[in-house]
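# Reading the structure
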Amino acid sequence: MSGGALAGQRVVDISRVLAGPYCAQMLGDHGADVVKIEPPGGDGTRQWGPTRADGVSAYYAGLNRNKEHLVADLTSPRGRGLLLDQLESADVLVENFKPGTMAAWDLDVDYLLDRFPRLVYCQISAFGQGPMAGLPGYDAVVQAYSGLMYLNGEPDRGPLRLPMPITDLTTGLQAFAGVLLALQERERSGRGQLVSVSLYDAALSLLHPAAATYFMTGVEPRRLGSAHPSIAPCEIFDTADGQIYLAAGNDQQFATLVEFLNAPEMAADPRFRTNADRLQHRHELNARLAELVAHCEASAGLARIMIERGVPASPVRPVAEVLDDPDLVDRGMGVDIGGLRVLGIPVHLGRTPGSIRTAPRPLGADRSAHV
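So, here's what we can say about the structure. (Residues numbered from 1 in each chain as written. Predicted model: local features only at pLDDT ≥ 70, side-chain atom pairs only at ≥ 80, totals over all residues. Heavy atoms only, no water.)

### Comments concerning the packing of helix α1 (residues 19–29) against helix α8 (residues 166–189)
Heads up, the rule is: Here an axis means a line fitted to C-alpha atoms, over the contact stretch when the element is a helix, while the angle between two N-to-C directions is reported on a 0 to 180 degree scale. Numbering of helices and strands runs from the N terminus; a helix is a DSSP stretch of H or I covering at least four residues, while a strand is a stretch of E covering at least two. Throughout, the term roughly parallel applies to angles under 35 degrees, roughly antiparallel to angles over 145, roughly perpendicular to angles from 65 to 115, and oblique to all others. Two helices cross in a left-handed way if the nearer one is turned anticlockwise from the farther one by less than a right angle. They cross in a right-handed way if the turn is clockwise. Contacts between residues were defined by any pair of non-hydrogen atoms, one from each residue, lying within 4.5 Å. Residues are sorted three ways: Asp, Glu, Lys and Arg are charged, Ala, Val, Leu, Ile, Met, Phe, Trp, Tyr, Cys and Pro are nonpolar, and all the rest, Gly among them, are polar.
Two numbers describe how α1 lies on α8: the axes approach to 8 Å, and their chain directions differ by 45 degrees. Here α1 lies oblique to α8, going by the angle between them. Helix-helix and strand crossings are classified by hand; for α1 and α8 the assignment is right-handed. Residue-level contacts link A19, Y22, C23, M26 and L27 of α1 to D168, L169, T171, G172, L173, A175, F176, V179 and L180 of α8. By residue class, the composition of the contact of α1 with α8 is 11 nonpolar, two polar and one charged.

### What about the layout of surface pockets?
For the record, the criterion: Of the grid points, spaced at 1 Å and generated over the protein atoms alone, those admitting a 1.4 Å probe that cannot get out make up cavities, while open sets with protein on both sides within 12 Å along at least five of seven lines make up pockets; any residue with an atom within 4 Å of a point is treated as lining. Grid points are joined across faces, edges and corners, and a volume is the space filled by probe spheres set on the points.
The volume enclosed by the second largest pocket comes to roughly 980 Å³. Elements represented by at least two residues in the lining of the second largest pocket include exactly α7 (148–151), α10 (210–217), β7 (234–239), α12 (275–280) and α13 (282–293). Of the residues that constitute the lining of the second largest pocket, the class distribution is 17 nonpolar, 10 polar and five charged.

### Description of the environment of R341
What counts, and what does not: Between buried and exposed lies partly exposed: a residue is buried under 20% and exposed over 50% of the maximum accessible area for its type, with that area taken using a 1.4 Å probe on protein chains only.
Of note, R341 is situated in strand β11 (residues 340–343). Taking relative accessible area as the criterion, R341 reaches 45% and is therefore assigned partly exposed. Residues R341 and A58, spaced 283 residues apart in sequence, show a C-alpha to C-alpha distance of 9.1 Å. Excluding residues that lie within four positions of it along the chain, R341 makes contacts with L323, D324, L328, V329, V335 and D336.

### Points about the pairing of β7
Basically, it comes down to this: Following DSSP output, two strands are said to pair if at least two bridges run between them.
In the sheet, β7 pairs with strand β8 (residues 242–247) via six bridges, with the strands oriented antiparallel. Opposite E235, over in β8, you have L246 as the bridge partner. Counting the residues that bridge the hairpin from β7 to β8 gives two residues.

### Overview of unusual backbone geometry
P209 follows H208 through a cis peptide bond whose omega is 5 degrees. Along the chain, P209 falls in the loop between α9 (199–205) and α10. Omega for the bond connecting A232 with P233 falls within 30 degrees of zero, at 0 degrees, which places this linkage in the cis form. Looking at the element boundaries, P233 is found in the loop between α10 and β7. Phi is positive for D106, which is not a glycine, with a value near 60 degrees. Mapped onto the fold, D106 is located in the loop between α4 (101–104) and α5 (109–115).

### Topic: the nonpolar core
The following threshold applies: Buried residues of nine kinds, namely Ala, Val, Leu, Ile, Met, Phe, Trp, Tyr and Cys, make up a nonpolar core once their side-chain atoms join them within 4.5 Å.
Counting 31 residues, the largest nonpolar core has V11, L27, V92, V120, C122, I124 and V179 as its most contacted members. Broken down by secondary-structure element, the contributors of at least two residues to this core are α1, β4 (92–95), β5 (120–125), α8, β6 (194–198) and α9. When residues in this core are grouped by element, the largest group, six residues, is from α1. Among residues more than four places away in sequence, those in contact with I124 are A19, G20, V94, E95, N96, F97, T171, A175, V197 and L199. By size, the runner-up hydrophobic cluster in this structure holds 23 residues, among which are V12, L87, F97 and L107.

Shown next as structure tokens:
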């Protein structure tokens, strides 16, 4: 048994695609024994994108390590029987079926919590309660419905989908936190409970500072590209040989920035003296900074020098450069297991570190229970 923080906890994962499997994987990364039960055709993500001959796709591999892999047809009595058998020794159940599905199988939350009173039942849906309740969940749809997509993109162009499934990933993280909270509370009460999260609520929780600002001012948030609604400068600028991101969250950082760029007089310019001034004159500010930065060379370590002086800065790095950086391995964030390269565990515990013990497996690799 793993010595991780969740060693001794047993998780049954009957979820599909992203938010649920991501939550269950994180539980497994920190020592829980996770059993993933897939339908006879497998989790749909097994066919998404580059896929190995054994049915493990890159997409699936990123969400399903540290799990035992079973197959059961939950539409059949035999499959539901296997699930109930697994729940006899389980601490956590993770599911993200369309609302009403579990009840149709006579596996609704009230029944399961009555039969297994210590069970933490993690229920993931698209829209929770409300006018959209019961509809299926798709990350891009929720991005659009929640306003995230509306805010993403350049000011003079249309909205853009965030390229990562941000609502699914955030929902998985919140489900993970909810499960940990319920397990902690169970230590006092001895009873499990329902943990309910939705993609829509998760997306809404990401609307900061847009929501807070709108609630205070009534001014509708708008697309700003790489800019920040509350800070100036905060932009991507073109240098002589690449792009660099620059920000100045306070007046001292701005003074340091313009001194570095040999334009110290800008700090005393009435248009740029305070952050409020700079926000009001954002366009003039950015135009002047663009002129100054255009003659610099990003490849000469420009951003590193700036950040060492206290100015937030970074080169805009291509993803391939990031993932091929040896630092990824040094940090434990690039791991090879079972012939696959996967991202590592971002939460590092001192006494009970997480671990990647088993690779994602072929469908039903451990045993099968479908008819």
